[in-house]
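# Structural features, examined
Each chain is listed here by its residues.
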Amino acid sequence: MRSFSRRASTTAPLWALLVGWPSPAPAQSVADHTYTAEAIQAGSRVYVTECALCHGPNGDRVDGVNLRRQVFRSARSDDDLRRVITNGVGGSRMPGIALQPAELDGIVAFIRAGFDPDGVAVRVGDAARGRTVFMGAGNCTMCHRVQGQGGRRTAPDLSDIGLVRTPAQLQRTILDPTSGLMPMNRPVRAVTRSGETVRGRRLNEDTFTIQLVDTQERLRSLVKSELVELEVSPRASMPTPRLTPDQVADLIGYLLTLRGLPARDVS
């Protein structure tokens, strides 16, 4: 008689958590994609003296803009932010600010750190280039869908990922997928009493049942008492990407534009 077991799988499942790169490669240093702690802290001081009067201490005083939450009217990349800060916004009350390069980097770093002087600020690149990475070098569409387009596997739909993940979370998930794995997305392997093996992505679990999306894109609810084997892996299956630091920054820039709305032109 087969015994019921529950253990962490040590083998990689068939789908990716966030981006489906074809093969693993050595991890890149996260430092390649971030600003220094000194830049963030210096930026917090620049913000207080140059920006807080209009934008407020939490960056949300201007309609349609929330700097702490990365909500901007038009800027997408760090270079966009630098241009807006330096040149101002025509037809508005925001004038350009003459800052030294280190000060400009600092204020962008502080914004990207979510206004946390002790936080981590991720470099955000160009969304249009990032979309090209998503569709091409990243091979993301093999497993993920955006606005109804892309692969139909058991990896999460990314249509609103820019609303639920910060730049730092996106970077961590790309460079170290397991560290960013949400419990609801853990890979599952179950064997029923009839001998059927079911693989998929966990959606929900309680004492008696487990719900998942299987590899055939079907929603399944399995009764645990009818299983002889159940494996829920704590490890993501997405391999480390073969992307340059610039490509990772651009990919993050594109993912941040995905906010559950109809796709907009990022070219």
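A few points on the structure. (Residues numbered from 1 in each chain as written. Predicted model: local features only at pLDDT ≥ 70, side-chain atom pairs only at ≥ 80, totals over all residues. Heavy atoms only, no water.)

This next bit is on the packing of helix α7 (residues 167–175) against helix α8 (residues 245–255). Helix-helix packing is characterised by the crossing angle of the two axes and by the distance between the axes. Where α7 meets α8, the axes come as close as 10 Å, and the angle between the chain directions of the two elements is 125°. By the criterion of interaxial angle, the relationship of α7 to α8 is oblique. Considering how the two elements wind past one another, α7 and α8 form a crossing that is right-handed. Of the residues in α8, those in contact with Pro-167, Leu-170, Gln-171, Ile-174 and Leu-175 of α7 are Val-248, Leu-251, Ile-252 and Leu-255. Its residues assigned to classes, the contact of α7 with α8 shows eight nonpolar, one polar and no charged. (Axes fitted to C-alpha atoms, helices over the stretch in contact; angles between N-to-C directions. Helix = DSSP H or I, 4+ residues; strand = E, 2+ residues; numbered from the N terminus. Parallel < 35°, antiparallel > 145°, perpendicular 65-115°, else oblique. Left-handed = near helix turned anticlockwise from the far one by under 90°. Contact = heavy atoms within 4.5 Å. Nonpolar A, V, L, I, M, F, W, Y, C, P; charged D, E, K, R; others polar.)

A few words on the packing of aromatic side chains. Throughout the structure, instances matching the rule amount to four aromatic pairs. Taken together, a centroid distance of 5.7 Å and an interplanar angle of 50° make the contact between Tyr-47 and Phe-110 tilted. Note that Tyr-47 is positioned in helix α1 (residues 37–50) and Phe-110 in helix α4 (residues 101–112), a separation of 63 residues in sequence. Considered together, Tyr-47 and Phe-110 belong to a single accessibility category, that of buried residues. With a centroid separation of 5.3 Å and an interplanar angle of 55°, the aromatic rings of Phe-134 and Tyr-254 are classed as tilted. On the criterion of sequence distance, the pair formed by Phe-134 in helix α5 (residues 127–135) and Tyr-254 in helix α8 is long-range, its members being 120 residues apart. (Phe/Tyr/Trp six-rings, centres within 6.5 Å; stacked < 30°, edge-to-face > 60°. Buried < 20%, exposed > 50% of the residue type's maximum accessible area, 1.4 Å probe, protein only.)

So, on to the pairing of strand β5 (residues 197–205). Where strand β4 (residues 187–192) meets β5, five bridges bridge the pair, whose relative direction is antiparallel. Bridge assignment links Val-191 to a residue of β5, and that residue is Thr-197. Connecting β4 to the antiparallel partner β5 that follows it, the hairpin turn spans four residues, and Gly-195 within it adopts a positive phi of roughly 95°. In this structure, β5 lies alongside strand β6 (residues 209–214), joined through five bridges in antiparallel fashion. Considered in β6, the bridge of Glu-205 is made with Ile-210. Counting the residues that bridge the hairpin from β5 to β6 gives three residues. (Pairing = 2+ DSSP bridges.)

These values are about where atoms sit, not about what they do.
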